[in-house]
Amino acid sequence: MLVWLADFAGAFPILNVFRYITFRAGGATATALLFVFFFGPAAISWLRIKQGKGQPIRTDGPESHLAKRGTPTMGGLMIMSGLFAAVLLWGNLRNPYVWIVLFVTASFGAIGFYDDYLKVTKQSHKGFSGKARLSIEIVVAVIACYFVMRVGPAGISSGFALPFVKEWVIPLGLLFPLVTAFVVVGAGNAVNLTDGLDGLAIVPVMIAAGTFGMISYLTGNAVFANYLYIHHVPGAGELSVVCGAVIGAGLGFLWFNAPPAQIFMGDTGSLGLGGLLGVIAVATKSEIVLAIVGGLFVIEALSVIIQVAVFKRTGKRVFLMAPIHHHFEKLGWTEPQVVIRFWIISVVLALIGLATLKLR
């Protein structure tokens, strides 16, 4: 919204800074951080009163988790509020990519909110029907990916890009929305599965957002894209502002989610943020890079898939408990050890992901 001030740059040259994506990304980060930080305590108090017993705790999980009973959930509402306030204030609202990403974030967040609501009101882990939830997510993702294809650059808009290869993409045609929707839905649910310990999901999300903020900026800039030998997507640079807002809102939320957590993110936040990362990866032609940068989320999701598949086939468990962060808790790692070590893994994977931006 503030980008319109740049129109007065002729009379007031200082306003020219609002043209710069880097300046507005920084403004979005600070705005989202301050928004969540200042409104967070009131939101937590309100959610605690409304939810009463808070999020139900798994009785088959690590015994240390039983002490978390009564902690309110739906903290994703705080993150989403700060994120949307910052993007609407600092983002270029004439950019279609901004609206596509906000659409997916709001839709996935709403699905997660309904799931959280059912769990809290029923005091059960059985929330939204899995099939119904997944079906709605697929519909939302297909719609978003279709519009990404429509507004994308000619020649590569319906193609699936590969790292290290600029001249060629896998042509998908009308299958593009269906194939890339898998990336968006997968990212949303992978982040959702990772959200099981205090601070475990939000920091890797911020690391991924920072990485894709850089990728978006480079992809949207013709000079940098040509120099780095990556696909140029005009307008994608504006997504750096969205990523900045994610980092700011995430930092504000982490203040309250740090162990011992005053509030949990819930499906409201994890689904929304995961979907956001997925659609940004699709928009910037970085779907495979997301699998590397968000490798921790992939590992968490695979651990659940492997556990369920093997157990149904043999009746035996590969891990002591899935997702895999609970496996390490069962092995004797303390919660802070698991969280911090997984953060380190996320940083390493982000650096590897950035290394895929091949130089000439």
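In this text, all values refer to a predicted model and were calculated from it rather than measured experimentally. (Residues numbered from 1 in each chain as written. Predicted model: local features only at pLDDT ≥ 70, side-chain atom pairs only at ≥ 80, totals over all residues. Heavy atoms only, no water.)

> What am I meant to see in the nonpolar core here?
Nonpolar side chains tend toward joint burial in soluble globular proteins. Core analysis: the biggest nonpolar cluster contains 86 residues, and Ile202 and Phe212 have the highest contact counts within it. Not counting chain neighbours up to four residues away, the residues in contact with Phe212 comprise Cys243, Ile280, Ala281, Thr284, Ser286, Val289, Leu290 and Val293. Grouped together as the second largest cluster of nonpolar side chains are 8 residues, Leu197, Phe319, Val338 and Val339 included. (Core = buried A, V, L, I, M, F, W, Y, C linked by side-chain atoms within 4.5 Å. Buried < 20%, exposed > 50% of the residue type's maximum accessible area, 1.4 Å probe, protein only. Contact = heavy atoms within 4.5 Å.)

> Teacher, can you tell me more about the side chain of Ser303 here?
Here Ser303 lies in helix α11 (residues 295–314). Ser303 sits in the buried class, given a relative accessible area of 2%. Ignoring sequence-local partners within four residues, the contact set of Ser303 consists of Phe319, Ala322, Pro323 and Ile324. (Helix = DSSP H or I, 4+ residues; strand = E, 2+ residues; numbered from the N terminus.)

> Can you walk me through the packing of aromatic side chains in this structure?
Across all of its chains, the model carries 9 aromatic pairs by this definition. Here the aromatic rings of Tyr146 and Phe147 are separated by 5.4 Å at their centres, their planes lie at 75 degrees, and the arrangement is edge-to-face. Look at Phe328 and Phe342: their rings are 6.0 Å apart centre to centre, the planes differ by 85 degrees, and that puts the pair in the edge-to-face class. You can see Phe328 sitting in helix α12 (residues 324–330) and its partner Phe342 sitting in helix α13 (residues 335–355), a full 14 residues away along the chain. Taking the relative accessible area as the measure of exposure, Phe342 reaches 4% and is therefore buried. Sitting over the face of the ring of Trp333, Arg341 holds its NZ or CZ atom 4.6 Å from the ring centroid. (Phe/Tyr/Trp six-rings, centres within 6.5 Å; stacked < 30°, edge-to-face > 60°. Lys NZ or Arg CZ within 6 Å of the ring centre and 35° of its normal.)

> Would you mind showing me how to read α11 here?
An α-helix turns once every 3.6 residues. As a result, residues three or four positions apart point the same way. Relative to the 28 Å expected for 20 residues at 1.5 Å per residue, α11 spans 28 Å between its end C-alpha atoms, a close match to the ideal helical length. Among the residues of α11, Gly295, Leu296, Phe297, Glu300, Ala301, Ser303 and Gln307 are the ones counted as buried. Against α5 (176–194), α6 (202–220), α9 (266–283), α10 (287–293), α12 and α13 lie the buried residues of α11. Just downstream of α11 lies Gly315, where phi reads positive at about 80 degrees. (Expected span 1.5 Å × (residues − 1).)

> Sorry, what's going on with the packing of α5 against α11 here?
To characterise two packed helices, one gives the angle between the axes of the helices and the distance between these axes. Packing of α5 against α11 leaves a shortest axis separation of 8 Å and a crossing angle of 80 degrees. Relative to α11, the element α5 lies roughly perpendicular. Contacts from Ala190, Val191, Leu193 and Thr194 of α5 reach α11 at Phe297, Glu300, Ala301 and Val304. Each residue belonging to the contact of α5 with α11 can be placed in one class, and the counts come to 6 nonpolar, 1 polar and 1 charged. (Axes fitted to C-alpha atoms, helices over the stretch in contact; angles between N-to-C directions. Parallel < 35°, antiparallel > 145°, perpendicular 65-115°, else oblique. Nonpolar A, V, L, I, M, F, W, Y, C, P; charged D, E, K, R; others polar.)

> What is the right way to look at the packing of α6 against α13 in this model?
In contact at an axis separation of 9 Å, α6 and α13 are set at 15 degrees when each is read in the N-to-C sense. As far as their axial angle goes, α13 and α6 are roughly parallel. Once α6 is placed against α13, the crossing between them reads as right-handed. Together, Val203, Pro204, Ile207, Thr211, Met214 and Ile215 of α6 and Trp343, Ser346, Val347, Ala350 and Leu354 of α13 make up the contact between the two elements. (Left-handed = near helix turned anticlockwise from the far one by under 90°.)

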